[in-house]
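Geometric and topological summary
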Amino acid sequence: MRSKVLFGVILSISVAFCLCPLPTEFQIYAKKLYEDHLNEYKDQAVALWIGILRTLNNFPEVKMRTAILTAFAFCATVFAQSNVESYIAKEKPIAKAGILANIGPSGSRAAGASPGVIIASPSKQNPPYFFTWTRDASLVIKGLIDEFTRGDDSSLRTTIDNYISSQIIQQKVSNPSGSITTGGLGEPKFNVDLTAYTGEWGRPQRDGPALRATAIITYANWLLSQSNNTFVTNTLWPIIKTDLDYTAATWNLTGFDLWEEVSSSSYFTSASQHRALREGAALAARIGQTSVVSAYTKEADNVLCFLQSYWNPSQGFMTSNTGGGRSGKDANTALASVHNFDPEAGCDSVTFQPCSDKALSSLKVYVDAFRSGIYPINNGIASNAAVATGRYTEDVYYNGNPWYLTTTVVAEQLYDALIVWNKQGSLEVTPISLPFFRQFSPSVAVGTYSKSSSTFSTLITAVKDFADGFIDVVAKYTPADGSLAEQFIRNTGAPTSATHLTWSYSAILAAFHARDGITPASWGAKGLSPTASCGSGGAGSVQVTFNVRATTFYGENIYITGSVDALKNWNPDHAVLLSAANYPTWSVTLPIPANTAIQFKFIRKANGQVTWQSDPNNAYTIPASGTYVINENWR
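Computed from a predicted structure; not experimentally measured. (Residues numbered from 1 in each chain as written. Predicted model: local features only at pLDDT ≥ 70, side-chain atom pairs only at ≥ 80, totals over all residues. Heavy atoms only, no water.)

1. Considerations on the overall build of the protein chain
The helix and strand inventory of the protein chain stands at 16 helices and 19 strands. Per-residue burial over the protein chain gives 57% buried out of 635 residues. The long-range share in the protein chain, meaning contacts at least 24 apart out of those at least 6 apart in sequence, stands at 67%. When the accessible surface of the protein chain is totalled, it reaches about 25100 Å², and 54% of it is carbon and sulfur. (Helix = DSSP H or I, 4+ residues; strand = E, 2+ residues; numbered from the N terminus. Buried < 20%, exposed > 50% of the residue type's maximum accessible area, 1.4 Å probe, protein only. Contact = heavy atoms within 4.5 Å. Areas by Shrake-Rupley, 256 points an atom, 1.4 Å probe, with all protein chains shown as cover.)

2. Some thoughts on the layout of surface pockets
In this structure, the second largest pocket encloses a volume near 640 Å³. What lines the second largest pocket is a set of 28 residues, among which Thr254, Gly255, Phe256, Ser263 and Lys568 lie closest to the centre. At the level of elements, α8 (229-250), β3 (255-256), β13 (576-577) and β15 (585-593) are the ones that each hand at least two residues to the lining of the second largest pocket. Each residue belonging to the lining of the second largest pocket can be placed in one class, and the counts come to 13 nonpolar, eight polar and seven charged. (1 Å grid on protein atoms, 1.4 Å probe; cavity = no way out; pocket = protein on both sides within 12 Å on 5 of 7 lines; lining within 4 Å. Points joined across faces, edges and corners; volume = space filled by probe spheres on them. Nonpolar A, V, L, I, M, F, W, Y, C, P; charged D, E, K, R; others polar.)

3. Some words on the packing of helix α7 (residues 207-225) against α8
Contact pair α7 / α8: the axes reach a minimum separation of 9 Å and the direction vectors enclose 160 degrees. On the basis of the axis angle, α7 is roughly antiparallel to α8. The crossing of α7 and α8 is left-handed. On α8, the residues touching Pro209, Ala210, Arg212, Ala213, Ile216, Ile217, Tyr219, Ala220, Leu223 and Leu224 of α7 are Asn229, Phe231, Val232, Leu236, Ile239, Ile240, Asp243, Leu244, Tyr246 and Thr247. (Axes fitted to C-alpha atoms, helices over the stretch in contact; angles between N-to-C directions. Parallel < 35°, antiparallel > 145°, perpendicular 65-115°, else oblique. Left-handed = near helix turned anticlockwise from the far one by under 90°.)

4. A short note on the environment of Ser314
Structurally, Ser314 can be placed in the loop between β5 (311-312) and β6 (317-318). With 268 residues separating them in the primary sequence, Ser314 and Asn582 have C-alpha atoms 8.9 Å apart. A distance of 2.9 Å separates the side chain of Ser314 from the side chain of Asn312, its partner in a polar contact. (Polar contact = N/O pair within 3.5 Å; in protein donor to acceptor, adjacent residues only side chain to side chain.)

5. Looking at the state of the cysteines
A full pass over the atoms with the stated rule returns one disulfide. Across the disulfide from Cys347 sits Cys355; the S-S distance is 2.1 Å. Its S-S torsion of about -110 degrees marks the bond between Cys347 and Cys355 as left-handed, since a negative value means left-handed. Look at Cys347 and you get partly exposed, because its relative accessible area is 27%. (Disulfide = S-S within 2.5 Å.)

6. Concerning helix α13 (residues 404-424)
End to end, α13 covers 31 Å across 21 residues, agreeing with the expected 30 Å (1.5 Å per residue, within 8%). Of all 21 residues making up α13, 18 are buried, and the element is well covered by its neighbours. Positioned one or two residues after α13, Gly425 has a phi angle of 75 degrees, which is positive. (Expected span 1.5 Å × (residues − 1).)

7. Here's the deal with empty space enclosed by the protein
Empty space among the atoms can be located by rolling a probe the size of a water molecule over them. Enumeration according to the criterion identifies six cavities of 30 Å³ or more in this entry. Along its surface, the largest cavity is lined by 32 residues, and Gly143, Asp146, His339, Glu412 and Ala510 are the ones closest to its centre. Elements supplying a minimum of two residues to the lining of the largest cavity: α5 (134-150), α7, α9 (267-286), α11 (331-339), α13 and α16 (502-515). For the lining of the largest cavity, the leading source of residues is α5, giving nine residues. Here the lining of the largest cavity is composed, by residue class, of 16 nonpolar, nine polar and seven charged. A volume near 80 Å³ is recorded for the second largest cavity. Contributing to the lining of the second largest cavity are 14 residues, with Leu253, Ser264, Ser265, Ser266 and Thr269 lying nearest its centre. Within the residue set of the lining of the second largest cavity, elements represented by two or more residues are β3 and α9. The greatest single-element share of the lining of the second largest cavity, amounting to three residues, is contributed by α9.

8. As for α5
With 17 residues, α5 extends 24 Å between its outermost C-alpha atoms, agreeing within 8% with the 24 Å of an ideal straight helix rising 1.5 Å per residue. Among the 17 residues that make up α5, 14 are buried, leaving the element largely enclosed by the rest of the structure. Of the residues trailing α5, Gly151 is marked for its positive phi of about 90 degrees.

9. Observations regarding unusual backbone geometry
Cis geometry marks the peptide bond from Gly104 to Pro105; its omega dihedral reads 0 degrees. Topologically, Pro105 is positioned in the loop between α4 (62-101) and β1 (132-133). For the bond from Asp615 to Pro616, the omega torsion is 0 degrees, close enough to zero to count as cis. A positive phi angle, near 45 degrees, is found at His500, a position not held by glycine. In this fold, His500 is placed in the loop between β10 (495-496) and α16. Although it is not a glycine, Lys568 sits at a positive phi angle of roughly 65 degrees. Positionally, Lys568 belongs in the loop between β12 (557-562) and β13.

Okay, here's the thing in structure tokens:
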């Protein structure tokens, strides 16, 4: 009762603030009171608004009722925006400080870390995250490099240079994945003193080298603009080239995804590899390292071609992984879109730009997957309003919860899209993106809408409010001290898992920058077209898609094993899980040696029991290049 009364007072003040010319000091007090309690009393607010609206429906003066309802709607928008902006003003410096506190050796939470080493989290147990991940560190330093090269914070240069020095060491550390020349660059994480982590883990992970190359290339391009060619050529280029050579040679091999759980081909990894090779070739040409330009460009073309195969046209989303047995609806693809945002590429769908029809459709499918039945904190939220999102719906890590960074990335993609639409002065609705836009305007039709049209204004405003909604969700579940953990509990919204996650802080800063209209530098995505067929890459393999039509019961899955390493050499205990995304067809795409005769069988696994496909073995000869599709039926 107390909370309802309190919010009733706040609402009354809010309405009065919107509708009446009150003294300035009272307006400020009312606004602050509203913001301070908006999240805490949100449910009571909804109930009170419903009561107010029902009362208004009894008014005979329709015009007056409409005017008041319009004013209330306006107030709701004003205060929602105000709440987001208030949160951003408070959280932005906290997030920046949170990142710097996690960088050794001077970071307050990074004691024991070598200079320039970016820890994932100060959490040393439950879960143990006091390590440095190549992927996470690369994404974080890329954000800091962007800030520095824009001129936002000149003090970051020492941090960046220390990171560069740490990576010169880290690249050369032999580890369970190998040495610098035998696969060690695919090692996902290291101890904070840059010694090898030798415990069990999902390895290799092939996104890290590509992301590190992209971050350092951004720094290199800025240094070249300052005529610092020597440092780029002598210090940065050897690091970049080492990563790019690895990427060119291994992009067509499987590895663990960014969540470190599925070994297959991953959209996020492939997209990161494409960008790194593309801008790496451009940097090489710029500094006279012409011997590698052709090879990097060729492999970039091959990866771009392969990227198109992730699209699921029947369900309208970009599949995150080619294996793993999940739906494929995953934050992986939204993260790929924002980290490959090129403001000069427009709404290009080939490179999955944030405002492209495929990226918007994929985003809607991903967000909608979390609307009901997954997280209790999302129950009762309107079908076109923001919700908390997680990695993927099947997630069970820490009981499966929303993540701060996966929720903020939705906002970031939408803000990036708004930047491009406003810049180009138009917005296109295609048959693919139509369901996304009809969330906000049910009658909108396929077509191109100019900036002067009312449809453009309506959609832009609605998308902006939608994006702000995801920031508001994060604000609601951010503790009073502004700290960001990895996750927040699906039932209560309380923070859980690793504390002070560096990636969470970096992700929310990226969303804030996008909301302010800040864009990264172009990396060459404009005007790219995929080739007719995808090459096999430097490893001499062909991407083979294995499809089998098989009906199953709940808890039963389909696997494949066969005569080559990629098919686990007839070992049913290590057989490769197929995806049921297009059930009853189960699928997986794997790199198989070119010009090779293979044999294999599909197997069923359920409750510890293994059932083999009947004889004879399936037998095929893999071609010399391109891609290859095998279709079978269970027998």
